[in-house]
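Spelled out from the first residue to the last, the chains are:
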Amino acid sequence: MRPAQANHNWQADQKGDPNLPEQKPQYVSAFRALSGYVRPHIWAFIGVFCCTLIAILSDLLQPFLMKIAIDDNLLAGKNDYKGLLTICAVYLGLSVSSFIFTYVQNNLLQNIGQSIVSRIRKQLFGHIMKQSMRYFDRMSSGSLITHVSSDTEALNQFFNQVLLSLFRDGLTLIFIIVMMFQLDTTLALYCLILLPIISLIAISFRSFMRTTYQIARTRLSRMVAFVAENLSGMNLVQVFHQQKEQEKQFNERNGLYFKANLREIRTNVVFGRTFDILSNLSVAFVTWIGGNAVLGQHLEFGVLYAFITYIRQFFQPINTITQQWNTLQSATVAITRIWTVFESKPDVTDRDGRDGEGIQPDKVKGRIDFDHISFYYEEGIPIIRNLDLHIRPGELIGVVGTTGAGKSSLISLLCRFYDVKEGRIRIDGTDVRDIPQAALHRAVGLVQQEPYLYSGSIIDNVRMFDESISREEVIEACEFVGADSVIQRLKNGYDTKLSERGSGLSAGERQLISFARIIVFKPKVLILDEASANLDSHTEQLIQNALHVVSKNRTTIVIAHRLSTIMQADRIIVMSQGEIVEQGNHNQLLENGGHYRELYEHSQGHVAV
Ligand SMILES: Nc1ncnc2c1ncn2[C@@H]1O[C@H](COP(=O)(O)OP(=O)(O)O)[C@@H](O)[C@H]1O
Ligand SMILES: [Mg+2]
């Protein structure tokens, strides 16, 4: 069951900061959604409940046994050694039973908690992977990492600490009260007077701890986000010698987190000590009242002994329950944050009930129509304006234009990373919105300026971990684009493990591998977005040659920085501010004497310098 189906009336404010969900209805439904995960484990929970019950009874019967030993045996003067031995044996038995059932209960609960959390983690990752690009424009990877790692961990604590405490300590409290009344009603009533006082103190600390806790969490996640961002932009940081500055910023965040933590710990200590003192005072109180009664012969000594033991045990569960407040807070924040992630639906989705329609990736002819499309990322800032472009099957199209002209955005629309705001884009006459994304991405292959390589072998990187593609096919593709000689030079050849993002290879080598990746997948429409911008002239030549062969019988769109890359194109599109300002082949455009000629002369000038 997916969480999206598990919760019904969820209304997340998608525009709000996803890191700070604080409305009540949100976490109510988050907990309701969570209960969907708990249901399959209901029998295990019942098991936990029974074990807890037995463990508590084993614990709480011990003082009662002592009372029997004192009043009915020792003070009765019966010299009943056998009876005393039996009581001791039962006492031992209770201790063992408490140990065993506590152990089983803990294990069982850990098991439930961990399996629920691991399932949520799995779904969370899957869900994040399904989001549209727009989502990643908004969310920093740092906060997404926090959601998958520490937020799910907080959820785990919810099961193993909060639930356990509510179970165990709640039941203990109830049993102690029952036992007290069983022993002596008057003394029990006196003890109950303490209850509101303890509760009052606990509640007043609560609100204080809540804020302290949240501040600490927020600061931690800011610090983590900062580290994540820095790691992914490490080379930039180093190139610009920003280490000192970044370090300063990190230290600031670290210092803030440190302070928040100290404050949290201080609050906890003060609270804990207050409770201890209160507990001691209560013992004195019971000793005074009960002692008087014993002296006045109204109360048996054993009962007083049992009472004093119980009143001590009385504080411990209240203390633990209120300490769980912290954990409950973090769990609530975490659960709400996780469900906010679950709640965000991808903007770009496959249309329902159109499975049979669309296109077959292998049979695509490659006709592409941009019918008067308009697009913006932010309302009011148009990126593509009423653009109309029709590409014939097999045509080789070059696209040029200044940076920010909207070239990459146009490609993003064709790949459906985003949806157009007006007009439509068709492949072989079918609106891309009617093509299942899987089929679309199989039909349209994209090589970007910054190729992304995964940690894994070169073989796996080329075939994108798709085992159905054979090793031979991979090698053939690499030979084809001229990557083979580069790869052969590596220590383990095609089995060389690449580290994260393919560091250890030059930009050109990475690009060659990503180019081979596209060849292997044989898309009917091939797009290169400034794929050769980073390449040295030798590697560019390799790509150029490969492109020449690959573009045959295949619709190819090449966005290029250097005009030399696209001079041979059937048609060159010049873009400026989201519009096509010129089109034609190289010679026609030069004759026109417009933007293209300007760009051309500019580039020639650069070469000459
Ligand atoms: N994800 C995004 N969110 C908001 N604005 C964007 C995003 N991507 C690009 N832009 C903006 O859109 C405009 C066109 O960008 P782009 O299509 O990348 O241009 P080009 O590839 O021609 O250099 C730029 O002004 C850029 O700032
Ligand atoms: Mg671009």
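Residues numbered from 1 in each chain as written. Chains lettered and ligands numbered in written order. Predicted model: local features only at pLDDT ≥ 70, side-chain atom pairs only at ≥ 80, totals over all residues. Heavy atoms only, no water.

Q: It is not clear to me how the overall build of the protein chain should be interpreted in this structure. Could you clarify?
A: Looking only at helices and strands, the protein chain has 19 helices and 12 strands in total. In terms of overall dimensions, the protein chain is more spread out than a globule: its C-alpha atoms have a radius of gyration of 35 Å, far above the 25 Å expected for 609 residues. Across its three principal axes, the protein chain shows a C-alpha extent of roughly 120 × 50 × 45 Å. With 609 residues in all, the protein chain has 46% of them scored as buried. Here the protein chain displays about 31,600 Å² of accessible surface, and carbon together with sulfur accounts for 57% of that area. Across the protein chain, the centroid of the 59 positively charged side chains sits 4 Å from that of the 59 negatively charged ones. (Helix = DSSP H or I, 4+ residues; strand = E, 2+ residues; numbered from the N terminus. Rg over C-alpha atoms; globule rule 2.2 N^0.38 Å. Buried < 20%, exposed > 50% of the residue type's maximum accessible area, 1.4 Å probe, protein only. Areas by Shrake-Rupley, 256 points an atom, 1.4 Å probe, with all protein chains shown as cover. Lys, Arg positive; Asp, Glu negative; His and termini not counted. Charge placed at Lys NZ, Arg CZ, Asp CG, Glu CD.)

Q: Please clarify how a negative patch on the surface should be interpreted in this entry.
A: Negative charge collects at one region of the surface, where E472, E473, E476 and E479 lie side by side. Relative to the assigned elements, E473 resides in helix α14 (residues 471-481). When its relative accessible area of 31% is taken as the criterion, E473 is described as partly exposed. (Patch = residues over 30% accessible without salt bridge, like charges linked within 9 Å, V, L, I, M, F, W, Y side chains within 5 Å. Salt bridge = Lys/Arg side-chain N within 4 Å of Asp/Glu carboxyl O.)

Q: What is the right way to look at the environment of G83 in this model?
A: Along the chain, G83 turns up in helix α4 (residues 81-130). You can call G83 buried: its relative accessible area is 17%. On a C-alpha basis, the gap between G83 and L563 in space is 103 Å, while along the polypeptide they are 480 residues apart.

Q: I keep staring at the side chain of Q324 and nothing clicks. Help me out?
A: For Q324, the position within the fold is in helix α10 (residues 301-343). When sequence neighbours within four positions are dropped, the list of residues in contact with Q324 reads Q161, V162 and S165. (Contact = heavy atoms within 4.5 Å.)

Q: What should I look at first to understand the site of ligand 1 in this one?
A: Taken together, D137, Y377, I383, T402, T403, G404, A405, G406, K407, S408, S409 and Y418 form the complete shell of residues around ligand 1. Within the side chain of Y377, a nitrogen or oxygen atom sits 3.4 Å from a nitrogen atom of ligand 1. S408 places a polar side-chain atom, nitrogen or oxygen, 2.7 Å from an oxygen atom of ligand 1. Notes on ligand 1: free accessible area 560 Å², of which the protein chains cover 62%. Examining the composition of the shell around ligand 1, we find that three residues originate from one element, helix α11 (residues 407-414), more than from any other. Across the shell around ligand 1, the residue classes break down as four nonpolar, six polar and two charged. (Near = heavy atom within 4 Å. Polar contact = N/O pair within 3.5 Å; in protein donor to acceptor, adjacent residues only side chain to side chain. Nonpolar A, V, L, I, M, F, W, Y, C, P; charged D, E, K, R; others polar.)

Q: Teacher, can you tell me more about the pairing of strand β3 (residues 396-401) here?
A: Regular strands show a simple pattern: their side chains alternate between the two faces of the sheet. For β3, a buried count of six out of six residues is recorded, marking the element as mostly surrounded by other parts of the structure. Of the two faces of β3, the one lined by L396, G398 and V400 and the one lined by I397, V399 and G401 are each fully buried. Pairing of β3 with strand β10 (residues 555-559) involves four bridges; the strand directions are parallel. When the sheet's bridge partners are listed, G398 is paired in β10 with V558. Pairing between β3 and strand β11 (residues 571-576): five bridges, direction parallel. Each residue of the ladder has a partner; that of G398, found in β11, is I572. (Pairing = 2+ DSSP bridges.)

Q: Please clarify how the sheet that holds β3 should be interpreted in this entry.
A: Each strand in a sheet pairs with another by means of backbone hydrogen bonds, the pair being arranged parallel or else antiparallel. Spatial strand order, β6-β9-β10-β3-β11-β12: six strands in an open sheet with mixed pairing. At either end of the open sheet lies a strand with only one pairing partner, and these are β6 (444-447) and β12 (579-584). Put simply, the sheet's adjacent strands are angled 20° from each other on average, direction ignored. Where β11 meets β12, five bridges bridge the pair, whose relative direction is antiparallel. Paired with V574 across the strands is E582, a residue of β12. Strands in contact with α11 are β3, β6, β9 (525-529), β10 and β11; relative to β10, the strand with the most contacts, it is inclined by about 150°. Running at roughly 155° to β9, helix α17 (residues 537-550) makes contact with β9 and β10 of the sheet. (Axes fitted to C-alpha atoms, helices over the stretch in contact; angles between N-to-C directions.)

Q: Teacher, can you tell me more about the packing of α4 against helix α6 (residues 141-183) here?
A: Relative placement of two packed helices is described by the angle separating their axes and the distance separating the axes. In the contact formed by α4 and α6, the axes pass within 9 Å of each other and the chain directions differ by 155°. As judged from the angle between their axes, α4 and α6 are roughly antiparallel. For the pair α4 and α6, the crossing hand works out as right-handed. Among the residues forming the contact of α4 with α6, the class breakdown is 11 nonpolar, 10 polar and three charged. (Parallel < 35°, antiparallel > 145°, perpendicular 65-115°, else oblique. Left-handed = near helix turned anticlockwise from the far one by under 90°.)

Q: Is there a simple way to think about the side chain of R463 in this case?
A: With respect to the helices and strands, R463 occurs in helix α13 (residues 458-463). On the accessibility criterion, R463 (12% relative accessible area) is buried. Reaching out from R463, the side chain makes a polar contact with the side chain of D460 at a distance of 3.3 Å.

Q: Help me understand the packing of aromatic side chains in this model?
A: In this description, a pair of aromatic rings is defined by centroid distance and the angle of the planes. One pass over the full model with this rule turns up 12 aromatic pairs. Pairing Y37 with W339 gives two aromatic rings, centres 5.8 Å apart and planes at 80°, and the pair type is edge-to-face. Of this pair, Y37 sits in helix α2 (residues 24-38) while W339 is found in helix α10, placing the two residues 302 residues apart along the sequence. Judged by relative accessible area, Y37 falls into the buried class, the value being 1%. A relative accessible area of 0% means that W339 is categorised as buried. With centroids separated by 4.9 Å and ring planes inclined at 80°, the aromatic side chains of F375 and Y377 adopt a geometry described as edge-to-face. We classify F375 as buried; its relative accessible area is 2%. (Phe/Tyr/Trp six-rings, centres within 6.5 Å; stacked < 30°, edge-to-face > 60°.)

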